[in-house]
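What follows is each chain in one-letter form.
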Amino acid sequence: MRFYGLALLAGAAVLGACGGGEKKPATDTAATAAPAPSPSAAAPAAGGVAAIAATGSTHEVKMIGDDKGYRFEPANLTIKSGDAVKFVMISGGPHNVAFDPNTVPADSKAQLDANMSTKMSELSSPLLLNPNEAYTVSFGGIKPGKYPFHCTPHLPMNMKGVITVQ
Ligand SMILES: [Cu+2]
């Protein structure tokens, strides 16, 4: 959708530039063409999914990089829907926590993305640089299932884990 809109804009601009020598209405064309595609393109992604705060307990996961390797501790944990997971930067950063959009259960993907406050991209937290920096993910409204996650910079070093929501 967005690409289509941009293509229309670009097309209008090119047309305007080419025909510019002959007549002036080029700017009018661009002005009327521009607003039409944008509203429909902007709406669907957000979809009105609002973050749901955690109401249960908070589980802590350490993000570690040392001479034993890069890892989450614990790498596998089982929580209840409504709990929260607090990722704490311990050493060897920068680390982040990212859920793969392709492996997260489809029916909870939008909710999990909404529950992540600040992000680098979909389902991907910012990088944590300093010891004791933390990033908490609410599992409020998240359906039972397995939620694999990884650290983007250290995925090649196998820094990953799985959160099982009961
Ligand atoms: Cu890492």
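Residues numbered from 1 in each chain as written. Predicted model: local features only at pLDDT ≥ 70, side-chain atom pairs only at ≥ 80, totals over all residues. Heavy atoms only, no water.

Per the counting criterion, the structure on display carries six aromatic pairs. Aromatic side chains Phe99 and Phe139 sit 6.2 Å apart centroid to centroid with 75 degrees between the ring planes, which places their arrangement in the edge-to-face category. One end of the pair, Phe99, is in strand β5 (residues 98–99); the other, Phe139, is in the loop between β6 (134–138) and β7 (145–150), with 40 residues separating them in the sequence. In this structure Phe99 comes out as buried when scored by relative accessible area, which is 1%. Phe139 gets classed as buried once you look at its relative accessible area, which sits at 0%. Three or more aromatic residues joined by ring pairs make a cluster, and in this case those are Phe72, Phe87, Phe99, Phe139, Tyr147 and Phe149. (Phe/Tyr/Trp six-rings, centres within 6.5 Å; stacked < 30°, edge-to-face > 60°. Helix = DSSP H or I, 4+ residues; strand = E, 2+ residues; numbered from the N terminus. Buried < 20%, exposed > 50% of the residue type's maximum accessible area, 1.4 Å probe, protein only.)

Moving on, we come to unusual backbone geometry. For the peptide bond that leads from Glu73 to Pro74, omega is -5 degrees, which places it in the cis range. Counting through the fold element by element, Pro74 comes out in the loop between β2 (69–73) and β3 (76–79). Geometrically, the link from Gly93 to Pro94 is a cis peptide bond, its omega value of 0 degrees lying close to zero. Relative to the helices and strands, Pro94 resides in the loop between β4 (84–89) and β5. Phi is positive for Asn132, close to 75 degrees, though the residue is something other than glycine. Along the chain, Asn132 falls in the loop between α4 (106–115) and β6. Positive phi, normally seen in glycine, also occurs at Asn158, with a value near 70 degrees. Relative to the elements of secondary structure, Asn158 occurs in the loop between β7 and β8 (160–165).

Before going further, it helps to examine the coordination of the copper ion. Every protein donor of the copper ion is listed here as His95 (ND1), Cys151 (SG), His154 (ND1) and Met159 (SD), and their distances to the metal cover 2.0 to 2.7 Å. Around the copper ion sit four donor atoms, and with donor-metal-donor angles ranging over 90 to 133 degrees the site reads as tetrahedral. Each donor residue of the copper ion lies on the same chain, and together they follow the pattern H-x55-C-x2-H-x4-M. With His95 in the loop between β4 and β5 and Met159 in the loop between β7 and β8, this pair connects stretches of sequence that are 64 residues apart. Each member of the pair, His95 as well as Met159, is classed as buried. (Donors = N, O, S within 2.8 Å, 3.2 Å for Na, K, Ca; no water. Tetrahedral: all angles 85-135°; square planar, octahedral: opposite > 155°, others 65-115°.)

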